[in-house]
Each structure stands twice: as structure tokens, then as C-alpha cells.
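Next come the chains, spelled out residue by residue.
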Amino acid sequence: MDTRQAKQLITEWAIANANLLGLVSNNHIQASYIYNPGGFNNLSVRLTDGRTQLHVKLVLPHKSERLQQWARVSDYLTEHYAAPKLVHEIDNEIVPGYPYGLVFEYIEDATPLAEARFSEDTLIRVMETAAKLHRDDHLRRMLPNADKRSYVEAFEEEYISRFMEDLDGILGSRELLKDFVSDETIAWFGEEIERLRERVRQTPAFLHPATDVVHNDLNGNNVLTCGEGGGFRIIDWDELHGYGDAAMDYSVLMWPFAQGPSWPSWREKVLALADVDVLQRLELYFRAKLLDDVIDVLADYVEAEQVSEHRENAQAKARAIHLRSYPQYLAKYGLKK
């Protein structure tokens, strides 16, 4: 993906559709690429005419259905869950390879929770909002009728399937990683994925039907803190699911505290909002999250080859995360010398 060409194409489209987007119709409309630390599957750009700012998000064909789902329930999410307001749907291919997209309000003067100095009260309010979402039967009825599944299947869809895809990509791009990932390590990846799968299948708390409405990517980069009053916004609702696992949302939201001294206190706060079964599943989601920082970042390293403008920084970051997380994982779970 050539981000410079993509910005130019989106700018030309925005100029031609300025009135529809609420922008001033002149040639001063500018686009800037929004780097996504989670990977390069989507294309996000900030548009501005010097007065109004918008967020354009374009997706690859296999991601279109999820983004269309977000569009259908966007008003409800904005009203009840602090989601950005939808401005326009894009159903034509502005940038080659990206057939669908959405235009949202751009949330100004906001800082990702992952980077912010926030109060405990702010995080508790985010947790309470997530707990409300998990029990929102009305929203579930608004979503497409998906096949019901167990918590095992929800976990396997979120992590095991992705790990296997990552492993295929790693094997296919072995030369890019050979300087810091050994063949022995790659073989261990496959073995550990299977160990994790079996552990989940043998845990009773995973055997119940998955009944939670989940954001499914509620990490610290998708919660934006706004101002000094404890306000926040929740973005990136692409993975919204009506039959998911609340433990997934808590795991990525609480991940920064999972291995720190404050975790027992936060664990009690999760228990007050959820139940014991969620906490039992949460421990294996934490394990998967650490393994994600071992395996999935290598897939990000490979994908960064496609974005020359950010390749060096993205690959340096992915390499550092892998080299830090791999020994942490081995030390914590003791499955290899």
C-alpha cells in the first residue's frame, strides 16, 4: 500500500464530495495517514479543511461486512457507548483494493488510554460501560443473527485461528525474521498454540454458551480520554459481536495491570462487574494476550513490508515487543527452558 497515493486519492474524493461531508469546498482539504499500531489491514486517514476534521476508514474486501455492521448500529453506539458519530458511508473503491469505508467525526484533543495519565475513576467508568455492553440484549437483537457458540469457540475464533494464520505468514516470510527468530522457536509456536487450545477446551468455565455482547478489541488504543473531566470515547467497533466473551474485553482493557502489584485490586473490580467464570476465563485470555505479543507482532513485522513510509519504525517496535515478551511468556508458563 502506497500511503502517499492513498492520501492523494482520498483528498481528491473529499474535494469532490465536500458538501456531502460538511467540508468547505476548496483545494485546501488535506489528508494525513493515521498509523495503526495494531497492524496494516485497514487504511485510516484524517481529513481536514482547517475547520472540520473527519476520520476516513477504508477496509479490505474481507473486512467490509464487519464495518457495514458497525454502520447499521452506529447511532445506537454513539448514544449509549461513546462511539464516534457516523458522517458518511463509502461504497465505492476510492483507493484500489478498498471497496468500502466509513467517515466519522474525528475526536479532537483526545489521548489513547494506553498513553494517557488517567484517574482510576475514568478506568472504572470504562469498565462499567463495558459491563453494560456485555448485557445489552437490545443491541444483540440489532445485530445479524449469528450462529450461537460456546466460549471455547469464541476463544478459538479470536486467538487460535489468528495464531494459525500468523504462523502461516511467518513461515511464508521466514527470511525476513531469520536474524532474531530461530527455526526452533517457530516450531515451538505451533506446539504452544495446540497446548493453549487444549487447556481452554478442558476448562469448565469455557464450556457454557457464549452470551455476551462484546466490543472484542477494547484495548488502550481504542479508548480515548478527552479533557480533564474523565470523559472518554470508544472507537473501532469493527469486531462487535453479539455472542462473544466478556473476558476478552476485560483481558485487553486490563492487560496493563495484569502482571503488576495493583492487579488483585483490579481483579476484585472485575469480579464486582462480572462473575467467577469470567475471571477463570480471563486468566487464559491473559495467557493468550502475552502469546499474542510473541507471535502476532511477527505477523505485523511481515505486514510492515507493505508500508514503506512506516516500515522501519513498525518493524523495530514489533521486534522489540517479541524479544521482550517471548522470555516473559516462557518464564511465566514454564513450558520451555
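The coordinates are above.
Computed from a predicted model, the values in this text were never measured in an experiment.

Peer 1: Would you mind going over the pairing of strand β5 (residues 100–105) with me for this structure?
Peer 2: In the case of a regular strand, side chains alternate between the two sheet surfaces. Within β5, five of the six residues are buried, leaving the element largely enclosed by the surrounding structure. As paired strands, strand β3 (residues 53–59) and β5 are joined by six bridges and run antiparallel to one another. In the strand pairing of β5, V59 is matched with Y100.

Peer 1: Looking at this model, I keep getting lost on the side chain of K289. Mind explaining?
Peer 2: In this structure, K289 sits in helix α12 (residues 276–303). In contact with K289, not counting residues within four places along its chain, are Y159, V252 and W255.

Peer 1: Could you clarify how one ought to interpret the pattern of salt bridges in this entry?
Peer 2: A side chain with one charge can pair with a side chain of the opposite charge if their charged atoms come near. Throughout the structure, instances matching the rule amount to 21 salt bridges. Linking R287 and E192 is a salt bridge whose minimum nitrogen-to-oxygen distance equals 2.9 Å. Here the residue R287 occupies a position in helix α12, and E192 occupies one in helix α9 (residues 183–201), the gap between them amounting to 95 residues. Here R287 falls in the buried class, since its relative accessible area comes to 7%. Exposure remark for E192: the relative accessible area of 0% places this residue in the buried category.

Peer 1: Explain the packing of aromatic side chains to me, please; I cannot follow it from the model alone.
Peer 2: Within a pair of aromatic rings, the relevant descriptors are the distance that separates the centres and the angle that separates the planes. For the structure on display, the rule yields 18 aromatic pairs. For the ring pair Y76 and Y81, a centre distance of 6.4 Å and an interplane angle of 50° mean the geometry is tilted. According to the relative accessible area criterion, Y76 is buried, its value standing at 14%. For Y81, a relative accessible area of 1% puts it in the buried group. For the pair Y81 and W237, a centre-to-centre distance of 6.2 Å together with 50° between the ring planes defines the contact as tilted. One end of the pair, Y81, is in helix α4 (residues 74–81); the other, W237, is in the loop between β9 (231–234) and β10 (241–244), with 156 residues separating them in the sequence. Comparing Y81 with W237, the two get one shared label, buried. Taking the ring centre of Y243 as reference, the NZ or CZ of R140 above it sits at 5.4 Å. The cationic tip of R281 hangs over the ring face of Y151; the distance from NZ or CZ to the ring centre is 3.6 Å.

Peer 1: Can you walk me through the environment of P84 in this structure?
Peer 2: Position of P84 relative to the elements: it lies in the loop between α4 and β4 (86–90). Its relative accessible area of 4% is what places P84 among the buried residues. The spatial distance from the C-alpha of P84 to the C-alpha of I94 is 22 Å, given a sequence separation of 10 residues.

Peer 1: Hey, could you run me through the sheet that holds strand β1 (residues 30–33) in this one?
Peer 2: Strand pairing in a sheet takes place through backbone hydrogen bonds and is either antiparallel or parallel in direction. Across the sheet, which stays open at both edges, the five strands sit in the order β1-β2-β3-β5-β4 with antiparallel pairing between neighbours. Among the strands making up the open sheet, the edge pair consists of β1 and β4. Each neighbouring strand pair of the sheet contributes to a mean axis angle of 25°, computed without reference to strand direction. Judged from the four bridges that link them, β4 and β5 form a sheet pairing that is antiparallel.

Peer 1: Please explain the nonpolar core as it appears in this structure.
Peer 2: The nonpolar side chains of soluble globular proteins are, as a tendency, buried together. Among the nonpolar cores identified, the biggest contains 81 residues, and F189 and M254 are the most heavily contacted of them. If you tally residues by element for this core, the top one is α12, at 15 residues. Setting aside its immediate chain neighbours within four residues, F189 contacts L167, I170, V181, V294, I295, L298 and H322. By size, the runner-up hydrophobic cluster in this structure holds 21 residues, among which are I10, A14, L58 and I90.

Rules used throughout
- Residues numbered from 1 in each chain as written.
- Predicted model: local features only at pLDDT ≥ 70, side-chain atom pairs only at ≥ 80, totals over all residues.
- Heavy atoms only, no water.
- Buried < 20%, exposed > 50% of the residue type's maximum accessible area, 1.4 Å probe, protein only.
- Helix = DSSP H or I, 4+ residues; strand = E, 2+ residues; numbered from the N terminus.
- Pairing = 2+ DSSP bridges.
- Contact = heavy atoms within 4.5 Å.
- Salt bridge = Lys/Arg side-chain N within 4 Å of Asp/Glu carboxyl O.
- Phe/Tyr/Trp six-rings, centres within 6.5 Å; stacked < 30°, edge-to-face > 60°.
- Lys NZ or Arg CZ within 6 Å of the ring centre and 35° of its normal.
- Axes fitted to C-alpha atoms, helices over the stretch in contact; angles between N-to-C directions.
- Core = buried A, V, L, I, M, F, W, Y, C linked by side-chain atoms within 4.5 Å.

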